[in-house]
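# Topology and contacts: notes
Below, each chain spelled out in residue letters.
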Amino acid sequence: MNLGLYIHIPFCQKKCFYCDFPSYANIENLQESYVTALRREIVAQGGLFSEYVVDTIYIGGGTPTVLTTELLKQIIDAVKKNFVISPDVEWTLEANPGTIDEKKLVTLFQSGVNRLSFGVQSFNGYLSKKIGRIHNEQQAIDAIHLAKRVGFQNISLDLMYGLPEQTIEDLKESIVKAVELEVQHISIYGLKVEEGTVFAKLQEKNKLALPSEEVDEAMYELVMYALPQAGYHRYEISNFARSGFESRHNLKYWENKPYLGLGAAAHSYLEPKRFSNVSKVKEYIERIAEEKSPREFCEELDGDVLIEEYCFLALRTKVGIDIEKFNAKFNRNFFDVYGHIIDSLKVKKLMQQDENHIYLTDLGMKYGNQVFCEFLLK
Amino acid sequence: MQTKNIRNFSIIAHIDHGKSTIADRLIEYTGTLSKREMEAQVLDQMDLERERGITIKAQAVRLDYVGKDGEMYQINLIDTPGHVDFTYEVSRSLAACEGALLVVDAAQGIEAQTLANVYLALENDLEIIPVINKIDLPSAEPEKVKQEIEDVIGLDTSDAVLASAKVGIGIEEILDAIVAKVPAPNGDAGAPLSALIFDSHFDAYKGVIAYVRVMDGAIKSGMKLKMIATNKEFEVTEVGCFRPALTNVTELGTGQVGFVAGSIKNVKDVRVGDTITDANRPVAKALPGYRGINPMVYCGLYPVDSSDYDNLKDALEKLQLNDASLLFEPETSIALGFGYRCGFLGLLHMDVIQERLEREYNLSLITTAPSVIYHVYKTNGEMIKIDNPSHLPPVTEIDHIDEPYVRATVIVPNDYVGAVMELSQEKRGEFKDMKYLDVNRVMVTYHVPLSEIIYDYFDRLKSSTRGYASLDYEITDYQTSKLVKLDILLNGDAVDALSVIVHKDKAAQRGRQLAEKLKGIIPQQMFEIPIQAAVGNKVIARETVRAMRKDVLAKCYGGDITRKRKLLEKQKEGKKRMKSVGSVEIPQEAFMAILKID
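Residues numbered from 1 in each chain as written. Chains lettered and ligands numbered in written order. Predicted model: local features only at pLDDT ≥ 70, side-chain atom pairs only at ≥ 80, totals over all residues.

Contacts between chain B and chain A engage 21 residues on the former and 34 residues on the latter. When its residues are assigned to classes, the side of chain B that touches chain A shows 8 nonpolar, 4 polar and 9 charged. (Contact = placed C-beta atoms within 7 Å. Nonpolar A, V, L, I, M, F, W, Y, C, P; charged D, E, K, R; others polar.)

Residue and element names in this part refer to chain B. Put simply, helix α1 (residues 19–29) and helix α6 (residues 171–181) touch, their axes get as near as 10 Å, and they point 85° apart. On the basis of their axis angle, the class for α1 and α6 is roughly perpendicular. Only Ile171, Glu172, Ile174 and Leu175 of α6 make contact with α1, whose side of the interface consists of Arg25, Leu26 and Tyr29. For the contact of α1 with α6, a count of residues per class yields 5 nonpolar, no polar and 2 charged. (Axes fitted to C-alpha atoms, helices over the stretch in contact; angles between N-to-C directions. Helix = DSSP H or I, 4+ residues; strand = E, 2+ residues; numbered from the N terminus. Parallel < 35°, antiparallel > 145°, perpendicular 65-115°, else oblique.)

All names here are of chain B. When helix α5 (residues 142–152) is considered as a whole, its buried residues turn out to be Val145, Lys146 and Ile149. Along the axis of α5, the buried positions cluster into a sector of 105°, meaning they face one direction only. Those residues of α5 that are buried are in contact with β4 (99–105) and β5 (127–133). Downstream of α5 by one or two residues, Gly154 has phi in the positive range, about 85°. (Buried ≥ 20, exposed ≤ 12 C-beta atoms within 10 Å, placed from the backbone. Arc of directions from axis to C-beta.)

Let us look at helix α3 (residues 102–111) of chain A. Because each turn of an α-helix spans 3.6 residues, side chains separated by three or four positions in sequence point in the same direction. All names here are of chain A. Of all the residues in α3, the buried ones are Lys104, Leu105 and Leu108. Along α3, the residues classed as buried sweep out an arc of 95° about the axis, all on the same side. Turned more than 90 degrees away from the buried face of α3, the exposed residues are Glu102, Lys103 and Gln110. On its buried face, α3 is in contact with α2 (69–82), β3 (84–95) and α5 (137–150). Among the residues trailing α3, Gly112 stands out with phi positive, at a value near 125°.

Attention shifts here to the sheet that holds strand β13 (residues 321–322) of chain A. With antiparallel pairing, the 3 strands of this open sheet are ordered in space as β13-β15-β14 (chain A). The sheet terminates laterally at β13 and β14 (351–353) of chain A, the two strands that pair on one side only. (Pairing = 2+ DSSP bridges.)

Here the focus is the nonpolar core. Formed by 157 residues in total, the largest nonpolar core has its most connected members in Ala100, Leu101, Leu102, Val131, Ala210, Val212 and Val410 of chain B. It is strand β8 (residues 207–216) of chain B that contributes the most residues to this core, 7 residues altogether. The residues contacting Ala100 of chain B, other than those within four sequence positions of it, are Phe9, Ser10, Ile11, Ile12, Leu94, Ala121, Leu126 and Ile128 of chain B. Counting 85 residues, the second-largest nonpolar core is a separate cluster that includes Tyr6, Val79, Val120 and Tyr269 of chain A. (Core = buried A, V, L, I, M, F, W, Y, C linked by C-beta atoms within 7 Å.)

It is worth spelling out the confidence of the model for chain B at this point. Residue and element names in this part refer to chain B. Chain-level statistics for chain B give a pLDDT mean of 86 and a share of 91% at 70 or above. Averaged pLDDT values for the elements of chain B fall to 53 in helix α2 (residues 47–52) and rise to 96 in strand β21 (residues 374–378). In this model residues 53–58 is a low-confidence stretch, pLDDT under 50, and it forms 27 contacts with partners more than four residues away in sequence or in other chains. Our summary of model confidence lists the complex with pTM equal to 0.70 and ipTM equal to 0.91. (pLDDT = per-residue confidence, 0-100.)

Glancing now at the sheet that holds strand β12 (residues 238–242) of chain B. All names here are of chain B. Sheet architecture is open: 8 strands sit in the order β11-β10-β16-β7-β8-β15-β12-β13, paired in antiparallel fashion. Each of the sheet's edge strands pairs with one partner strand only, and the pair in question is β11 (233–235) and β13 (246–248). Each neighbouring strand pair of the sheet contributes to a mean axis angle of 40°, computed without reference to strand direction. Of the pairings in the sheet, the one linking β12 to strand β15 (residues 257–261) comprises 3 bridges and is antiparallel in character. In the strand pairing of β15, Glu238 is matched with Ala261.

Here it is, written out as structure tokens:
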């Protein structure tokens, strides 16, 4: 049985203004003890998952690359030593262009990491600064060139649209630069102002100059048009790739496949259970030190919830819901469960159906939430 | 108990003038309930009554009291509601009594509603005992209030009881006054049974329980009884009195107040106002009923979830058992599906019923805007009564429309007279009379369309007089008005449940306000939604709910699906509270928007 691993590095040099993920600046002093704790969790969990073959690994954050080369190496070695790793593993590490150097990238590459995901967000230096990034445009470009030189052949970058003061021209430029850099994969997200972020506070004070709904929509349309034009096909709502470079790990989230999260705030799914670790870094370290479980949350999905999640997650992908698979997995006829809503969603031109698949239309992708919540049965 | 030692009375008071507190003190003082058993306002049994501090249902309690003459008296208190909407409940309580306490706040003086109920009691020939309550308040002016009672009502107040129920002053005096002044019932114990049903409630185990006042004869367990109006017969399984819990007794004699149960399953068999008699020895004639019930306000009640339709019906039937003034019949709306057209005594009554349905029966409801009954005279000479704007015939078939008018009586400090007059004029009111109750309190009377009263007159009256005004109204007549139907079109389709009948001169303004308000209530959807207000084919206001540009969840942090799911659940929850009308999803509040525009 295959397994995905997610490893969380909850450190950043500086917290971005839009970010509400579990990552923290100014706790560098905890880095070493965190890695020690993480390694102990890796050892413990590795023993429990010896029957699984790990075929995707994703070291995310936070900013994994804020750790020293030595600490990163310790984590990677612990994973390799304690889990059975598939020879064709997809091993991703998230990198910030501002926290890498040649030595770090070489070590990562030689240790087995074969995919880098760069958080760029925008190739416009002014905008980058405005959203709290620590790198400028040139650093981002240099980082990708360097990664290629070191030998990485699978590089992804993250872009954002709908940023304060961003114009359509800015976005176009960023897309053009990303394409020129010939990366294999691009994730692109619309900004959403989340509670508790710097942006939320600015918005409260009316100091956040977000693009209008119309401009935001035009940006979305631009992305959906430009990236496929440039050879990146949209295999998931927010993800585009050259053929064959779709992120296998990312797809696991949508394809109902098992993944194990390691580290603070890491989430896991082993059907029918979802669970996650404590998100406070200190607490995580302490629990591991006291040989207590780092788990904070666990839920067992019952019949209907399993079905619902299966559907709204699968619908995020281009392929959509495989009806035969659904019927076999749940021992129920898909149309008995959802027939009535499928009809109305088709009328609204949000869904399409071929012989064995139900999937979102382009319009459906744009209004994904409207469709997904229809799949909740209660 | 000899009839001469029985006293039956009720209490008339404005909200907050201390009626329930007096009732509590009487119960406590006579030892009917020990202190330990007392719960403040024991008679207000519904949660809703306690929360709002109002009495909705009439309740009863029997008190035993040894009078100054050393004799034991049985005193029955029949509690009455104090709000303008519940005049009907008051009238039926009064029909079971020989006397009434008129409770007036020593600091506030007489309010409009008190007046209406006193007149009702006088019509019923009840002996009225004035009680000036809250005399402990620093602002109390008992002498001034006494004078006001003499001037306005014409009652002699030389024997008025000065009381403070809160601190327990005057309670014994009240009891003594009841014994001394309220006449004993004058029924004939030897005559065939005749008892008036003044209320009822449904008990899951005992069936319908009728609250009765025995006029002649007596009721005993095992007797076979007959209800004159419904012609139903039943055998008495239980007979008893209120202490205030239902307590069985061997018989209810002439003049006594109590309850009777007899495995009556169908709530409709027991009609409040009907007369119960002995099936083997019936009286020929029913007791005179009392003021009939005439719902004045109608609205549609629809279940949000259409599968709740039968539950709504059951709930309405159960409520009707305890509230004979509630009327309902099935109706269908294109927008809302199957529901009920319900008739209420007024807005508070409507509010209370709606809240009880939601709270006690766990129903989620959509209420349409309230309407009065219009008399529509058609060009073919026919007159039809319309209580639902969407049933109005086409304009070409209408000759003219009459609407109900009320005499609205407002009592207010003289500083606010200007505000009351301004508001009443704006509400198409015609000035009738103005009278000074004392140097600074004024009673203003207007002739106003009822539709204006139920729209927002009361709310605005309260706010423009800082809560000082009290209002009472009664329907006087029908008058012809220039009325038109204002339709609301969403995405080009008229939504029947949003139509209202308004005065022609106000249609444009109402249309604009309504469209604007709906714009704020209807959430963005995938397409642009034009909101139009129209009279006939003429669009008089237009707003647009802009299209939702996109709606998509972005980044998923490290496989945190639970969070994504919660967001979707929240979104779904919001959708559930909406009603799909054509292609547009409309939140419940939209249907009430017509009621209140601020």
